[in-house]
Amino acid sequence: VGGGRGDNAPASWKVAVRSSQMIGGALGVRQALRGKLNHMYNLRSRATHGGSMDSKDLADLEATVNECSQIYVALIQSFLALGAKPDWQKFELEPRTDH
C-alpha cells in the first residue's frame, strides 16, 4: 500500500488511506481505521527516529500493535478478495462499502 509509480504522497498517508480503502466499509469505519493506522505509524516513527518512549508509551504501543495486527489480517484478506493489484490513483477516491 505504500508504493506507486509517480506517487509522491507521504508514506504515512498512503499506508493509512490505502489500507482503509482496501478494507472498506462505511465512511466512519474507514475513518476509524485510518486513525488507528496513523497512530501506529506515528509510534513507529518515534521509535525508529530516536524519540524516547516511557512505560505509558510502551503500553500504548503494545495495545496499538495488537489492534493493528487485526487490521493487517483484514487488509490481506481484502487483497486476496480483490485478486489483482489495485490502481491506487482510482482506488484512493472510490468508496469501498462492499466489504
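Throughout, a residue's number is its position along its own chain's written sequence, starting from 1. The model is predicted, so local features are restricted to residues of pLDDT at least 70 and side-chain atom pairs to those at 80 or more, both for listing and for counting; the totals for chains, interfaces and linings are taken over all residues. Note: side-chain values were computed over all heavy atoms of the structure, leaving out hydrogens and water.

Student: Would you mind showing me how to read the packing of aromatic side chains here?
Tutor: Side-chain rings of Phe, Tyr and Trp, where Trp is taken by its six-membered ring, are said to pair if the distance between their centres is within 6.5 Å; with planes under 30 degrees apart they count as stacked, over 60 as edge-to-face, and otherwise as tilted. The final tally for this structure, using the stated rule, is two aromatic pairs. Note on phenylalanine 79 and tryptophan 88: the rings are 6.3 Å apart at their centroids and 85° apart in plane angle, and the pair reads as edge-to-face. Partly exposed describes any residue whose relative accessible area lies between the buried limit of under 20% and the exposed limit of over 50%, with all areas from a 1.4 Å probe on protein chains only and scaled to the type maximum. Relative accessible area serves as the criterion here: at 26%, phenylalanine 79 is assigned to the partly exposed category. With relative accessibility at 9%, the residue tryptophan 88 sits in the buried group. An angle of 80° between the planes, with centres 5.6 Å apart, marks the rings of tryptophan 88 and phenylalanine 91 as edge-to-face. Of this pair, tryptophan 88 and phenylalanine 91 are both found in helix H4 (residues 88-91), three residues apart, which corresponds to roughly one turn of the helix. By the ring-pair criterion, three or more aromatic residues cluster together here, those being Phe79, Trp88 and Phe91. By definition, any uninterrupted DSSP run of H or I lasting at least four residues is a helix, any uninterrupted run of E lasting at least two residues is a strand, and each is numbered from the N terminus.

Student: What is the right way to read the nonpolar core from this model?
Tutor: Inside soluble globular proteins, nonpolar side chains tend to come together where they are buried. Nonpolar cores are built from buried Ala, Val, Leu, Ile, Met, Phe, Trp, Tyr and Cys residues. Side-chain atoms within 4.5 Å join them into one set. Counting 10 residues, the largest nonpolar core consists of Ala16, Met22, Ile23, Leu33, Leu37, Cys68, Ile71, Leu75, Trp88 and Phe91. Of all the elements in the fold, those that place two or more residues in this core are helix H1 (11-23), helix H2 (27-48), helix H3 (55-82) and H4. Each residue touching isoleucine 71, except ones within four places of it in the same chain, is listed here: Ile23, Leu33, Lys36 and Leu37. We call two residues in contact whenever any of their non-hydrogen atoms come within 4.5 Å of each other.

Student: Which parts of the structure should I look at to understand the pattern of salt bridges?
Tutor: Two side chains that carry opposite charge are able to pair once their charged atoms sit near each other. A pair is scored as a salt bridge if a Lys or Arg side-chain nitrogen falls within 4 Å of a carboxyl oxygen belonging to Asp or Glu. Taken as a whole, this structure holds two salt bridges when the rule is applied. One salt bridge connects glutamate 92 with arginine 18, and the closest N-O pair in it is separated by 2.7 Å. You can see glutamate 92 sitting in the segment after H4 and its partner arginine 18 sitting in helix H1, a full 74 residues away along the chain. Accessibility assignment for this pair places glutamate 92 and arginine 18 in one class, buried. We note a salt bridge from lysine 36 to glutamate 67, for which the minimum N-O separation is 3.1 Å.

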